[in-house]
Amino acid sequence: MPTAPDTAAPSESRARKQPAPLKAVDKDTTAGVLFGIGAYGLWGLLPLYFFVLAPAGAVEIVANRVVWSLLFCTLLITITRSWRVLGAAFRNRTVIGPLAIAAGLIAVNWLTYTYGVTTGQAVEASLGYFINPLVSVLLGVFVLKEKLRPLQWAAVGIGFIAVGVLTVSYGKLPWIALTLALSFGLYGFVKKRVGPRADAITSLTVETIVLAPLAAATMIFLAVSGAATLTTNGAGHFWLLAASGVITAVPLLFFGASARRLPMTTIGLLQYFAPVLQFIVALAVFKEAMTPDRWIGFGVVWLALLVLTVDMLRTARKNSVSRKRARAA
């Protein structure tokens, strides 16, 4: 007796031929990279914004950034209906504590960076973000008790040599660069530790709420003392300063979203975007001088970053191969 045609086999064959759906982790990684590029790209062009804010000084710019960022974050929290999430973050000590520390670190970073750009030291400010990956490596050693690989040790050693060369070149310790590198390295580390317990909008809102009282008091003091430029330089200047909320919040939101999705290694690679753009702006737009000995110092820094990048890529490749073998087994 003839049997019915076998229709199951072709269906199974077609199912086997269909490509596997994209894993959620892959989507997260792609989104994290895009968010990171957006954050560091915007930060790289930030000196141009500070340039058009003249004659506002660093303190006034940072105070306005905090206050207007808080207003922008409040709007975002309202639109996304996240007030309960924000309240839960304030009640969670494991969230509010680290984010309060992060707020202090980013305030130091903003003040130092704005001061550097507005006083004609944008090149040194870019140096701070060039050496930031080396700071991340050192944080791994001293805070996480990680063991460095040989190439990482080499990169750190070359980095110390670069700081020595640049100290001689500038005639002083490049404190702007070192402060920026340390403050932002610690900021990224703290944000990474908070991780998924607070999303990007919530964490940024908490940080601005922590800083807002001091920032508002600073704006009032500057206004009373006649040193504020917010309302004394025309409507255009007012709205440029008011836009600092969006200009500040957007890259920080991007960075927060990226830090939650990517390992520190990948973030370390992406952050080269910002100092490269800052360095180009300092030379091409601000016409800052680069003496031969400073070129040598920067060259040594770039050599350290090259060594560190090679190590990162080698390690990432080895880890990928190990994961594939584990899945195959």
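A quick note: this is a predicted structure, and the numbers were derived from the prediction, not measured.

Caption draft 1: Fine view of the overall build of the protein. Along the backbone of the protein there are 16 helices and zero strands. Projected onto the principal axes, the alpha-carbon positions of the protein cover approximately 100 × 50 × 40 Å. Here the protein holds 329 residues, and 46% of them are scored as buried. Taking contacts inside the protein between residues at least 6 apart in sequence as the whole, the part at least 24 apart equals 85%. Carbon and sulfur atoms make up 70% of the accessible area of the protein, which amounts to about 17000 Å² in all. Distance between charge centroids for the protein: 6 Å, based on 29 positive and 12 negative side chains.

Caption draft 2: Main features of the pattern of salt bridges. If you walk through the whole model with that rule in mind, you get three salt bridges. Across the pair E124 and K172 runs a salt bridge, and its minimum N-O distance is 3.7 Å. Of this pair, E124 sits in helix α7 (residues 122–130) while K172 is found in the loop between α9 (150–170) and α10 (175–194), placing the two residues 48 residues apart along the sequence. Overall, E124 belongs to the buried group, its relative accessible area being 2%. Here R149 ties to D311 by a salt bridge, and the two come within 2.7 Å at their closest N and O atoms. Linking R149 in the loop between α8 (132–142) and α9 with D311 in helix α16 (residues 292–328), this pair joins segments that are 162 residues apart in sequence. By relative accessible area, which is 32% here, R149 ends up partly exposed.

Caption draft 3: Here's a closer look at the packing of aromatic side chains. Summed over all chains, the structure comprises 24 aromatic pairs. Measuring from centroid to centroid gives 5.4 Å for W43 and F184, while their planes differ by 85°, and the two rings are edge-to-face. Here the residue W43 occupies a position in helix α2 (residues 24–44), and F184 occupies one in helix α10, the gap between them amounting to 141 residues. Just as W43 is buried, F184 falls in that class too.

Caption draft 4: View of the side chain of T248. Structurally, T248 can be placed in helix α13 (residues 244–261). At a separation of 2.7 Å, a polar atom in the side chain of T248 contacts the side chain of R65.

Conventions used here
The residue numbers shown here count from 1 along each chain, following its written sequence. Totals for whole chains, interfaces and linings use every residue, but because this is a predicted model, local features are given only for residues with pLDDT of at least 70 and side-chain atom pairs only at 80 or more, for both listing and counting. Hydrogens and water are ignored here; the side-chain numbers use all heavy atoms of the structure. Going along the chain from the N terminus, every DSSP run of H or I of four or more residues is numbered as a helix, and every run of E of two or more is numbered as a strand. For the exposure calls, accessible area comes from a 1.4 Å probe over protein chains only, and a residue counts as buried if that area is under 20% of its type's maximum, exposed if over 50%, partly exposed in between. Contact definition: two residues touch when any of their heavy atoms are within 4.5 Å. Using the Shrake-Rupley algorithm and a 1.4 Å probe, accessible areas are obtained, with residue cover drawn only from the displayed protein chains. None of His or the chain ends enter the tally, which takes Lys and Arg as positive and Asp and Glu as negative. One atom stands in for each charge, and that atom is NZ of Lys, CZ of Arg, CG of Asp or CD of Glu. Put simply, a salt bridge is a Lys or Arg side-chain nitrogen that is within 4 Å of an Asp or Glu carboxyl oxygen. Working definition: rings of Phe, Tyr and Trp (its six-membered ring) pair if their centres are within 6.5 Å, and the pair is stacked with planes under 30 degrees apart, edge-to-face with planes over 60 apart, and tilted otherwise. Between N or O atoms, a polar contact is any pair within 3.5 Å; within protein, one atom must be a potential hydrogen donor and the other a potential acceptor, and residues adjacent in sequence are included only when both atoms are from side chains.

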